Amino acid sequence: MKDRKGLLMRVGIDKTDGEYNAPINPSTNDYIYMPILQGKDDFIPGMKTSYNDLSSYFESWSQRNNADIQFPQHLNNKTCHLGPDFEFSTYGDQATGRGLRVADLKEWDFLAFFASFKPINKCDHNLIYALYGIMVVDKIFKVSDMPENEYHKNAHTRIMNRNGDHLVVFAKPSLSGRFDRAIPIGEFRNRSYRVKNERSNRPSVAMRLKETRCGET
């Protein structure tokens, strides 16, 4: 197989988009995946995605990790932009900025997703920047070329006011998914969060990506 390209994508709720950082257990790297806000877009009937859908998942995760945290009240009844969507193995992006790099991907290239998480217990950092999922590209559509019977599979096509130039990546389900445990890749260094310095006697991030098992959503 020819050399593959990969993009490291920061996607997920944080203080700038949602005013919240999803929790992580720094002892086990068990975490909660929470998408960004949707905005004011109107959904196609029956395709609405909401933070309310995450409340029971949030509660069970908190109990499993003995975390004394509550679901963020300001997100109640708010709609979310569910992307990446690990149920349907899709990721959407605009056709500008980083979306232009997504458009250049070919079959077998990949997207690796990371976000900033808030530790539930005291640790060395206030935030943990970590990988949480990967998608191996199968095919890429412009929204204008998406079949209507697949609109329900991605955040960029579930809405009424779709932008036909936006892109939707369909990944290979058997090679893609959300990780059971996050992979920390960032640390606070020189007054900013930066990618970790990997020592020669430690497995590389790329190697850990290969070894980490993908879990269900």
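The shown structure was predicted, so the numbers you read here are calculated from the model rather than taken from an experiment.

Enquirer: So what's going on with the overall build of the chain? Which residues, and what values?
Expert: On a plain count of helices and strands, the chain comes out with 3 helices and 13 strands. Counting every position in the chain, which comprises 217 residues, the buried fraction comes to 46%. Considering only contacts within the chain whose residues lie at least 6 apart along the sequence, 73% involve residues at least 24 apart. Total accessible area on the chain is roughly 12,100 Å²; 46% of this is exposed by carbon and sulfur atoms.

Enquirer: If you had to explain the environment of Pro-173 to someone new, which residues and values would you point to?
Expert: Along the chain, Pro-173 turns up in the loop between strand E9 (167-171) and strand E10 (177-184). Along the sequence, Pro-173 and Glu-87 sit 86 residues apart, while their C-alpha atoms lie 9.0 Å from each other.

Enquirer: Now, about the packing of aromatic side chains: what can you tell me, with residues and values included?
Expert: Within this structure, the stated rule accounts for 11 aromatic pairs. A cation over a ring is seen here: Lys-139 above Phe-170, with NZ or CZ 5.7 Å from the ring centre. Positioned above the aromatic ring of Trp-108, the side-chain terminus of Lys-172 is 4.2 Å from the ring centre.

Enquirer: Describe the pairing of E9, listing the residues and the values that go with them.
Expert: Of all 5 residues making up E9, 5 are buried, and the element is well covered by its neighbours. Because side chains alternate across E9, one face comprises the buried residues Leu-167, Val-169 and Ala-171, and the other comprises Val-168 and Phe-170, equally buried.

Enquirer: Now, about the side chain of Ser-116: what can you tell me, with residues and values included?
Expert: Along the polypeptide, Ser-116 turns up in strand E7 (residues 110-119). A distance of 3.4 Å separates the side chain of Ser-116 from the side chain of Arg-10, its partner in a polar contact. Of note is the side chain of Ser-116, whose polar atom sits 2.9 Å from the side chain of Asn-21. In this structure, Ser-116 is in contact with Arg-10, Ile-13, Asp-14, Asn-21, Ala-22, Leu-127, Ile-128 and Tyr-129, ignoring residues within four places of it in sequence.

Enquirer: Before we move on, can you summarise empty space enclosed by the protein with the specific residues and values?
Expert: Enumeration over the complete set of coordinates arrives at 1 cavity of 30 Å³ or more. Put simply, the largest cavity is a space of about 40 Å³. Along its surface, the largest cavity is lined by Val-11, Gly-12, Ile-13, Ala-22, Ile-32, Tyr-33, Met-34, Ala-115, Ser-116, Phe-117 and Tyr-132. If one sorts the elements of the lining of the largest cavity by residue count, E7 sits on top with 3 residues. Each residue belonging to the lining of the largest cavity can be placed in one class, and the counts come to 9 nonpolar, 2 polar and no charged.

Calculation criteria
- Residues numbered from 1 in each chain as written.
- Predicted model: local features only at pLDDT ≥ 70, side-chain atom pairs only at ≥ 80, totals over all residues.
- Heavy atoms only, no water.
- Helix = DSSP H or I, 4+ residues; strand = E, 2+ residues; numbered from the N terminus.
- Buried < 20%, exposed > 50% of the residue type's maximum accessible area, 1.4 Å probe, protein only.
- Contact = heavy atoms within 4.5 Å.
- Areas by Shrake-Rupley, 256 points an atom, 1.4 Å probe, with all protein chains shown as cover.
- Phe/Tyr/Trp six-rings, centres within 6.5 Å; stacked < 30°, edge-to-face > 60°.
- Lys NZ or Arg CZ within 6 Å of the ring centre and 35° of its normal.
- Polar contact = N/O pair within 3.5 Å; in protein donor to acceptor, adjacent residues only side chain to side chain.
- 1 Å grid on protein atoms, 1.4 Å probe; cavity = no way out; pocket = protein on both sides within 12 Å on 5 of 7 lines; lining within 4 Å.
- Points joined across faces, edges and corners; volume = space filled by probe spheres on them.
- Nonpolar A, V, L, I, M, F, W, Y, C, P; charged D, E, K, R; others polar.

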